[in-house]
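# Fold and geometry: a report
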Amino acid sequence: MSDTVSFTVPSPGGPLPVTVSYARVGRGEPLLLLHGIGHHRQAWDPVVDILATERDVIAVDLPGFGVSPPLPDGLAYDLPTTTAVFGAFCEALGLDRPHVAGNSLGGLIALELGREKLVRSVTALSPAGFWSQAERRYAFGVLVTMRRIARRLPLPLVRRLAGTAAGRTALTSTIYARPARRSPEAVVAETLALAGATGFDQTLLAGITVQFTDDLPGVPVTVGWGTRDLLLVRRQGVRAKRVIPGARLVRLPGCGHVPMSDDPALVACVLLDGSSR
């Protein structure tokens with residue numbers, strides 16, 4: 001079950017309303033979970049039950065993704081706006097500097113929240129923003145192709161493909177190292193989420209100039225990278241460590257770009273460790 005919360009975010013023309021959908025479960029210190037571009041909060045489902053035994057877990061749909069409405073006209077899908085959105089989101093839910101974990105775009109947002117001192121720890125799984133220009137162009141090209149395919153496939157065909165291990169591999173092997181482990185229902189849902197993501201194009205456009213270059217002194221940071229990440233190659237993790245020397249760089253053996261379903265136990269352990277620092 002998901003809930004929604006509405007709040008206002010500053011804009012050049014004055015405060016504008018934003019609504020975010022989220023699911024909350026568990027008890028303990030709050031841990032905010034942020035997904036990647038074109039995905040939805042269900043990307044975290046393989047690890048949520050494990051995390052919820054020790055954390056108050058809040059998994060969100062980014063604005064314009066999943067079932068969260070798009071941002072209103074006057075708000076850009078850029079990093080400063082997204083940071084303001086989640087600062088306001090935390091305030092609306094009464095979350096005082098939660099721990100945050102993010103994957104891909106969500107990892108970049110998590111790091112930015114850490115840079116702004118809005119969170120008490122950051123765990124970033126294959127975060128965006130540590131690419132060379134060639135690596136960024138490659139990743140964006142792959143993402144655009146994945147979205148084009150998702151939008152063109154008729155739903156009955158998506159369901160047929162998702163019903164077989166080979167079909168799930170064809171649909172999702174770019175982001176998962178073990179795509180056959182995904183349930184047919186999950187693959188159908190995330191294909192539809194990618195096809196219907198109203199914030200996709202503007203978010204990708206805003207990302208063209210993004211490069212994360214700041215250290216995060218005073219904020220515990222964990223960066224995890226899958227050894228089989230085909231979208232953002234793992235040498236970007238070494239760059240992240242150079243930018244954030246105090247970060248703990250964790251290797252995720254056998255995991256792809258979205259590692260939560262490739263090895264739920266390992267990823268949950270990394271998230272719990274990262275939010276204990």
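The following refers to the structure shown. (Residues numbered from 1 in each chain as written. Predicted model: local features only at pLDDT ≥ 70, side-chain atom pairs only at ≥ 80, totals over all residues. Heavy atoms only, no water.)

Moving on to the environment of Pro179. By the element assignment, Pro179 lies in the loop between α6 (165-172) and α7 (184-196). Counting along the chain gives 11 residues from Pro179 to Glu190, while the straight-line C-alpha distance between them is 12 Å. Excluding anything up to four places from it in sequence, Pro179 contacts Arg168, Thr169, Thr172 and Ser173. (Helix = DSSP H or I, 4+ residues; strand = E, 2+ residues; numbered from the N terminus. Contact = heavy atoms within 4.5 Å.)

In this section: the sheet that holds strand β2 (residues 16-26). Taken together, the eight strands give an open sheet; going across it, the order is β1-β2-β4-β3-β5-β6-β7-β8, and neighbouring strands pair in mixed fashion. Both edges of this open sheet fall to β1 (3-9) and β8 (248-252), since each of them pairs with a single strand only. In this sheet, adjacent strand axes meet at a mean angle of 25° when their direction is disregarded. Pairing geometry for strand β3 (residues 29-34) and strand β4 (residues 55-60), over six bridges, is parallel. Bridge pairing links Glu29 to Arg55 in β4. Strands β1, β2, β3 and β4 of the sheet are contacted by helix α2 (residues 79-92), whose axis makes an angle of about 120° with β1. (Pairing = 2+ DSSP bridges. Axes fitted to C-alpha atoms, helices over the stretch in contact; angles between N-to-C directions.)

To continue, consider the packing of aromatic side chains. Taken as a whole and assessed by the stated rule, the structure comprises five aromatic pairs. Look at Phe130 and Phe212: their rings are 5.8 Å apart centre to centre, the planes differ by 55°, and that puts the pair in the tilted class. Highlighted residues: Phe130 in the loop between β6 (121-125) and α4 (133-152) and Phe212 in the loop between α8 (200-206) and β7 (221-226), separated in sequence by 82 residues. With respect to burial, Phe130 and Phe212 carry one shared label: buried. An angle of 90° between the planes, with centres 5.5 Å apart, marks the rings of Trp131 and Phe140 as edge-to-face. (Phe/Tyr/Trp six-rings, centres within 6.5 Å; stacked < 30°, edge-to-face > 60°. Buried < 20%, exposed > 50% of the residue type's maximum accessible area, 1.4 Å probe, protein only.)

Even without a glycine there, the phi angle at Arg97 is positive, about 50°. Residue position: Arg97 is located in the loop between α2 and β5 (99-103). Overall, the relative accessible area of 34% leaves Arg97 in the partly exposed class. Phi angles above zero are rare outside glycine, and Ser126 is one such case at about 45°. Examined against the element boundaries, Ser126 turns out to sit in the loop between β6 and α4.

Distances and angles like these do not, on their own, reveal function.
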